[in-house]
Structure formats: C-alpha cells, structure tokens
Amino acid sequence: MIYTIVGTGKEKREKAYKELLNFGNISNHIYSEQVAGIEPLIEATSLFGEKIVANLIQVMDVAVTRDEIIKLLPQMERSKNIFIIDEPFADATRIKRLEKFSKKIFD
C-alpha cells in the first residue's frame, strides 16, 4: 500500500504524517542510496504480524533510483506493508505517476 506526500507546506505535511501514524510507527527510513532495501520490505512480515511502515524520502530525485522505484510501484501497491513516499519537490509528471499507484496523495 502506498501513500504519497508531495509539496513543502509544513502544516499539510505534519497533518499527513499525523494521519499516517495510525498505521503504526515508521520502522524504516529509506533514502535514495538505500533503495535496494525496498524490495525485501515488500514481502516482509513483522514478528508480531504488524504491518511494516517504510518512509521513502526523496528517492525519486536521482534518476537511477527513480527508475528502480517506478519498477517497484506495482509491487509496493499490492503489498500489505505501508510505503510512504515523501517527495516534497515532485514535479507534475512524478505526481501523476504516483497517483496511479497511491491509495492517497497528500498535497
């Protein structure tokens, strides 16, 4: 399951994160240099059966990692785990692509 946060508005971003905390605490913070760690999280399960919540921070800013994320979007969408894609500086093209796979977009 994917939730996306775009834009730099402080109040909207805080509101989005507050709402997303209902899924549980963020267990993984992933930046573009750690993009290889996303795929194992798609099928991962918690010891106690909780959903894993991963926060992907500006992973689409770098072309190589953007391509990897785009490839993984369908799998992340079907996953039982929660993926929060935080792209404060996303352009319209990136937002449209993320809209196709995100359960909700906070803008």
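It should be noted that the structure appears before, not after, this text.
Structural notes, computed from the coordinates. What you see is a predicted model, and the numbers here were worked out from it, not measured in a lab. (Residues numbered from 1 in each chain as written. Predicted model: local features only at pLDDT ≥ 70, side-chain atom pairs only at ≥ 80, totals over all residues. Heavy atoms only, no water.)

Taken across its six residues, strand β4 (residues 82-87) has six buried, putting it largely inside the fold. Of the two faces of β4, the one lined by Ile82, Ile84 and Asp86 and the one lined by Phe83, Ile85 and Glu87 are each fully buried. Pairing of strand β1 (residues 2-6) with β4 involves five bridges; the strand directions are parallel. Looking at β4, one finds that Tyr3 is bridged to Ile84. Two strands pair when backbone bridges link them, and strand β3 (residues 53-57) and β4 are joined in this way by five bridges, in the parallel orientation. Within β4, the position partnered with Leu56 by the bridge is Ile85. (Buried < 20%, exposed > 50% of the residue type's maximum accessible area, 1.4 Å probe, protein only. Helix = DSSP H or I, 4+ residues; strand = E, 2+ residues; numbered from the N terminus. Pairing = 2+ DSSP bridges.)

Along the chain, the position of Ala63 falls in helix α3 (residues 63-78). Each C-alpha atom of the pair Ala63 and Lys18 lies 30 Å from the other, and the pair is 45 residues apart in sequence.

Strand order in this open sheet of five strands is β2-β3-β4-β1-β5, and the pairing throughout is parallel. Each edge of the open sheet is held by one strand with a lone partner, namely β2 (28-30) and β5 (104-106). Neighbouring strand axes in the sheet, compared pairwise and without regard to direction, differ in orientation by 20° on average. With three bridges connecting them, β1 and β5 associate as parallel partners. Across the sheet, the residue bridging to Thr4 is Ile105, located in β5. Against the sheet, helix α1 (residues 10-20) contacts β1, β3, β4 and β5, and its axis sits at roughly 165° relative to β1. (Axes fitted to C-alpha atoms, helices over the stretch in contact; angles between N-to-C directions. Contact = heavy atoms within 4.5 Å.)

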